[in-house]
Amino acid sequence: MQPQPILQLKEKLADLKLGGFSWNNRAVWSVAALIIILIVNRLISPNFFSIDMVNGRLIGSLINILDGASAIILLSIGMTLVIATKGIDLSVGTVMAIASAVAVMLINQYEAGAGEFYYMPGVVILIAVAAGAICGLWNGFLVAYLNIQPIIATLILLISGRGIAQMITQGQSPTFTNETLAFIGRGVILGVPFPIYLCLAMLILVTLLVRRSAIGLLIESVGINARASFYAGINSARIKVMVYTLSGICAALAGLVVAGEVKSADPHKAGEFAELDAILAVVIGGTSLNGGRFNLFLSALGVLIIQSLLTGLYVSKLHPTANLVVKAIVVLAVLLLQSDEFRSFLKRLFRRRA
Amino acid sequence: MRNNEQAQIPLIETRGLTKTFAATPALSEVDFTLYSGEVHALLGENGAGKSTLIKLLTGVHKRDAGVILLEGKEIEPRSPRHCQELGISAVYQEINLIPTLSVAENIFLGRQPMRRGLVDMKTANRKAYELLKAFDIDIDVTRDLSAYSIAIQQIVAIVRGVDLSAKVLILDEPTSSLDRHEVETLFSVIRSLKERGIGILLITHFLDQVYEISDRITVLRNGIKVGEHLTSELPRIQLISEMLGKALTEELAVQKSGISSNGLDREPFLRVHGFARRGMMQPFDLEVRKGEIVGLAGLLGSGRTEIAHLIFGIKHSEQGEAYVNGQAANLSSPQKAVQYGFGLCPEDRKEDGIIADLSVRANIILALQAKLGWFEHLTPKKQEQLAEEMISALRIVTTDMEKPVKELSGGNQQKVILARWLVSNPEFLILDEPTRGIDVGAHAEIINIVKRLAQEGKAMLVISSELPEIVDYSDRVMVLRDKQVIAELEGDQISEAMIMQTIAER
Amino acid sequence: QGGGEGLTIGFSQIGSESAWRTSFTDAVKAEAEARGINLLFSDAQQEQENQIAAINAWIAQGDVDAIILAPVVTSGWDVVLQEAKDAGIPVVIVDRNVDADPSLYVTRVSSDFVHEGRLAAAWLVQATSGNCNIVELYGTVGSAAAEDRATGFREVIALFPGMQIIRSETGNFVRTEGKQVMESFLSAEDPANICAVFAHNDDMAIGAIEAIKEAGLVPAQDILIVSVDAIPDIFDSLDAGETNATVELSPFMGAPAFDAVVATLAGEELPKWIPVAGSLYTSRAAYDADHQ
Amino acid sequence: MKSRAFPLLMTTLVFALLYLFCLTQYSSFASMRVVCNLLRNYAYLGIPAIGVTFVILSGGIDLSPGSVIAFTGVFCALMIERNGMHPLVVFAIILVIGTLFGATMGSIIHYFKIPAFIVTLAGLFLARGGAYVLTTDSISITHQFYVDVSNIVYVFPDGGRFTFAAGAFVIVLLVGIFLAHYTRFGRNVYAMGGNETGALLQGVPIGRTTITIYALSSFLATFAGIILSLSKRSGDSTIAMGAELDIIAGVVIGGTLLTGGVGYVVGTFIGILLPGVIHTYLTLDGSLTPWWIKIIIGVLLFGFIGMQMLLSSQFNPLKLIRIPRRAAA
Ligand SMILES: Nc1ncnc2c1ncn2[C@@H]1O[C@H](COP(=O)(O)OP(=O)(O)OP(=O)(O)O)[C@@H](O)[C@H]1O
Ligand SMILES: Nc1ncnc2c1ncn2[C@@H]1O[C@H](COP(=O)(O)OP(=O)(O)OP(=O)(O)O)[C@@H](O)[C@H]1O
Ligand SMILES: [Mg+2]
Ligand SMILES: [Mg+2]
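Before going into details, it helps to say that this report is about the structure given with it. What you see is a predicted model; the values in this text were computed from it and never measured.

We now examine the coordination of the magnesium ion (ligand 4). All names here are of chain B. Protein coordination of the magnesium ion (ligand 4) is provided by Thr 305 (OG1), Glu 347 (OE) and Glu 347 (OE), with donor distances spanning 1.8 to 2.6 Å. Here Thr 305, found in helix α10 (residues 304-312), pairs with Glu 347, found in the loop between β18 (342-345) and α12 (349-353); they are 42 residues apart in sequence, far enough to count as distant. Here the two residues Thr 305 and Glu 347 agree in accessibility, since each one is buried.

To continue, consider the sheet that holds strand β19 (residues 428-432) of chain B. Residue and element names in this part refer to chain B. An order of β18-β19-β20-β15-β21-β22 is seen for the six strands of this open sheet, with the pairing classed as mixed. One side of each edge strand has no neighbouring strand; the edge strands of this open sheet are β18 and β22 (484-490). The mean angle between the axes of side-by-side strands here comes to 15 degrees, regardless of whether they run parallel or antiparallel. In this structure, strand β21 (residues 476-481) lies alongside β22, joined through six bridges in antiparallel fashion.

Relative to the helices and strands, Ser 221 of chain A is located in helix α9 (residues 215-224). In contact with Ser 221 of chain A, other than residues within four places in its own chain, are Ala 226, Ser 229 and Ile 234 of chain A together with Ile 355, Leu 358 and Leu 366 of chain B.

Moving on, we come to the interface of chain B and chain A. Counting residues at the interface gives 30 residues for chain B and 25 residues for chain A. For the chain B face of the interface with chain A, the top three residues by lost area are Gln 335, Asp 352 and Trp 374 of chain B, together amounting to 31%. Taken together, the links from chain B to chain A amount to one salt bridge. Where Arg 227 of chain A meets Asp 352 of chain B, a salt bridge forms, and the shortest distance between an N and an O atom there is 2.7 Å.

This part covers the sheet that holds strand β8 (residues 196-199) of chain C. Neighbouring strands of a sheet are bound in pairs by backbone hydrogen bonds; such pairs are parallel or else antiparallel. Residue and element names in this part refer to chain C. Here six strands make up an open sheet; going across it, the order is β7-β6-β8-β9-β10-β12 and the pairing mixed. The open sheet has two edge strands with one neighbour each: β7 (163-170) and β12 (280-281). Relative to β12, strand β10 (residues 245-248) is paired through two bridges, and the arrangement is antiparallel. Considered in β12, the bridge of Thr 246 is made with Tyr 281.

Let us look at the pairing of strand β16 (residues 319-324) of chain B. Residues and elements named next belong to chain B. Bridge analysis of strand β13 (residues 268-277) against β16 gives five bridges, and the strand direction is antiparallel. Bridge pairing links Arg 271 to Tyr 323 in β16. Here β16 pairs with strand β17 (residues 327-329) via three bridges, running antiparallel. Within β17, the residue paired with Ala 322 across the bridge is Ala 329. Two successive antiparallel strands, β16 and β17, enclose a turn made up of two residues, where Asn 325 displays a positive phi of approximately 55 degrees.

Cut-off values and rules
- Residues numbered from 1 in each chain as written.
- Chains lettered and ligands numbered in written order.
- Predicted model: local features only at pLDDT ≥ 70, side-chain atom pairs only at ≥ 80, totals over all residues.
- Heavy atoms only, no water.
- Donors = N, O, S within 2.8 Å, 3.2 Å for Na, K, Ca; no water.
- Helix = DSSP H or I, 4+ residues; strand = E, 2+ residues; numbered from the N terminus.
- Buried < 20%, exposed > 50% of the residue type's maximum accessible area, 1.4 Å probe, protein only.
- Pairing = 2+ DSSP bridges.
- Axes fitted to C-alpha atoms, helices over the stretch in contact; angles between N-to-C directions.
- Contact = heavy atoms within 4.5 Å.
- Buried area = accessible area lost by both parts, 1.4 Å probe.
- Salt bridge = Lys/Arg side-chain N within 4 Å of Asp/Glu carboxyl O.

Set out below in structure tokens:
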């Protein structure tokens, strides 16, 4: 490892202040971790960085990483805000399954010739997103008004939501052919897959929403000290309901992306364990599970780190049984790299050696 | 006796003690000595570095440079635990106990009495009860600490510290929430510890108390030691100018101006009738006019904070009605109270006041922003401007406004909360112990601000354990006892003696 | 039809992790209904411990006549099967294998994952004359279906030096992951170098087909595709000429299982294994012909 | 009565009500058979849950127990069956490995200030992945010692089987209660969870306690892995998948606050058994489709927590009433 260029990079990045988006120490080390992983991937697979144009579509590992990360990035947006309020949302994976099940069941009615307006593709997408919003609203209600601990409140939906999704499709994994709905997951604009645009749009939109309004500040305030926020006249319940609802909406979009990708809804496995990756990414992105300061772009960076690692595993010739061990080691290494305490520990170690 | 002390090896000695936080030099090259059997007062403005010195002594922070000697031997304080083992116990400025443990467990944390290898809570409870009894506090020690008021918590912390002290007892603003009676009890305890040869390091902003109890004084300013004196040889005026680095000017001195009797004929801004809550507060009536300062006086636990909470909607009143400007008002939550133009500076600034990880700027504009709602966003520029104004108006000591508020000294945190409410431009301000932990200079400033606000036509409700303060600025004083308003004093009736007498009457 | 009317039978199912398993559950339920059997259904959500708990609960309540168990893993059944036996409740194993002492259960009605892997490999050997670079879409690591299919497949190709697995990565039996893994294979490897895909289930194969199409290649021609399960969707792909072959994993194990229960309650001796036919199909017509 | 114990009392009460309801539906709930089944079948969750209770009380979290259980099972099976070692030796080795594993996680959490959630998530990946790497085979253990131990059982007159696993669960529970309430370590754990800075300033050895807590948690998870391997006489890398959520849910349902500092070890006992009772009920009912089973488990969980809230002081009905009022405004 050569700390020199990274430190310089750090100084350069520190100069950049992109509207509320300040590069802290952590961000620099996250970028460093991503770059290292990408370089390792390049060493494993010589054409890792190559990108080709096939049938008007860019093809290559880097595009695969972005495309593959999109669902989790969407989840991480909502998850970041939830975690910033000192909450957690375990139900995002099942909300993905519910939204995709709703969308596919409705769109198949449309394909079968049903003429009512609520079977129109555009409306179907809205309904699916609304389903996600309702799930989020429910979580928010349990957390904010019934005072149920977030992990348990969302665990309820984690368990029963899977059942609801399965009930909607009657246990089947229905496929569909509608191209409008499929576009969300596999459309291409200017060679780039549509989910990447969707992620960017959501990242920017939500960042604007929270930073150009007071919402971001109020979220952080509630997350850091709910009592003092209450004393300052903040309606923390409403803030919480909002973030869980937004998380539900993001999860629904992620569900549509996943469904569109393979033109089918899988109520059994869609989004399974996705909540863990989303949480992991948020934490790698520097948002504390104890609530407080957050940065959506850094969370997305966290997702890219995880996805690059996964893609690296895909292109490596390692047997899949080793995947988890590699993942554990890399995740730990990334976190240690970000830890000030660990770096000064290393420094002391080297000084003693020298 | 004094010569005796000089000849002795100091109990604690520091040489060249230095500490810098990020870019803030908090302490530079401080030499300090504490002898056994003395009470040594450490004085200085808010942010002078007093708490930092203590945290270096007890191993909470690592010092950058300097040596610490205990009884002539160099020590390396690793952690508060390590220091306790060395015989140094400390009561820190912010009550740093465990709210979810019982009172007794807090007192005996880490040194619980054991019986046959088991923690013996029965004995712990009995002993804790007795220790508190010595302070005239008769409470259920098996209840959670958080069930009790900040004052009780402070006494619990002191009791723990006193019981732990083997050689050195450090008290960082122990009396900030205590009323006169508790302070006297504490001082008698300190005197007996002194006789046992224990060295006591005391930090306080109450100069009366300094002269009452201390033997020697060390003054810090901006992290530098500016003086060390025998208390008996240091005139008060000189002490103040040493602390502030300038003479206490007229402007800063508390104006003994006669209170404007102007308010009394005006329409009441707030009228509360029959508010009450079971187990918390007996029914009470309250009127506050614009431009009027109403003081709440009473002993610890008499229900002053409860009144503030009921009016501000933190606790829901179970009965009665409220009128703001003559209109029926719903005061069921702080959000609503804020919309009516209320503001509250809570007594527990750490739990109820500051948002520790947010910047000074964010903390200052928070209440205004909450009042404006989600989408009426204060632009960064506007925020900076407001924060700037407040920082200079209240003389908040901070390197810059983006510093997390938790890194400010205790007194400056208190000012930030006051600033938060001033920025929101309230019509009615409730201040619960607003001068807690505030230095002499700032103390006067805050009292002047209170008065100025009243003159600007704001309605004020002020709670303070310092009677002279209450007497000084109040137009009316409500006296409480046992969760009940027992008297209302006006005009000439307002005097310390009268208040004390009212409280004592049975 | 079939018999068993009035019996109460507990059915401990692995879970509901796929559409295939739902069909399986539905088939068993439909069969029970048709026969007038009172079926107690228990969903173990992929946990062996839940299955053991369910069997224990049935033994404790004491009013089931027999138990049908679709075991989530192969080992660790001796103790609970012994308890069922002591309680006089016969147990029929379905779907997967157990390695318990055969005297502890009546019989097992199951397909054979290893055999499925072998069938897929055999077809591929034939189609490529024993020369092929294969990429493998592995199922969930550790699951019996994935491990055994991998084993069977390797057993066969090991006999042909021209056949080798050049890449193997898990897609967790899921379409999207199958697609993502295939995308990575295609960018890491020269596509011309990939001769065939062996997917541990049809869902991953369908995902892989998408990836192949996106990469501008023609599935089933440029790259051969063989997978396991025979779910309805894969036949659509076969019709469209986008995949080559699938190995059937029959969800119709209910009838033989109930037959076994009825027979054993009538005192008959049964063979310890009643295999459920699974064969390889390259067209819908062939499949339909077999399932009249 | 101490007010702190009130939520626990309510949890117990609601649990008792639920159990009574089950009893009216199925006679076997009145027998020791069901009681013993609950104890022995959920021992593998209950034992690590006691350890996780300490972790959560201290304000941390541990996601790794499920994987540690699986790793332990696979390790035992491999060492005994393929390497021919004696079970007791293997147990000693794996307990040391497990404890060190936990101590390492605790050290990383403490010294490098990395959030426990993530460190133990990495622990989850590592232990599960380690099990896969050891072997993905499902291995039966035939060693005579295993057969002997799995036959240790007290049979109640009505056929209830109180096995060694049930016994281990009860013993660990009692030791857990003792540790939590009657040792300085236990009180330090509560103090840390209540206010970590405060605990530090009052002289609680934060580092040592943190490391001990995670070591204890992993030790108990390893112990549970041994118990599970003994009671099934097998090792498999896929078992106890997702157990971490069952365990955390059990701890929290039992009244322990995830923010730390508040809770009871006994509560965890109830929290772990609650899903067991629900599953038993649904198994005996047996008429539901898989999706209805999931939905109903969720609904019952919600009902249980709702009742708990309603009956204990944590619930503030005023907050609820305010919603319509706001809507009207
Ligand atoms: N953890 C910290 N990080 C950064 N700066 C700090 C930290 N703690 C204290 N400081 C800074 O060090 C200086 C001295 O603070 P200290 O708390 O010692 O003041 P003090 O004399 O105790 O004041 P007060 O009377 O208000 O309590 C202040 O400027 C403060 O902002
Ligand atoms: N001397 C005491 N003995 C027993 N209990 C007390 C005593 N003082 C206070 N308490 C307890 O503390 C609780 C909170 O008191 P609270 O702080 O609200 O009163 P207060 O009038 O605002 O006093 P202060 O503002 O000085 O703390 C009371 O409900 C009471 O139970
Ligand atoms: Mg201080
Ligand atoms: Mg008070």
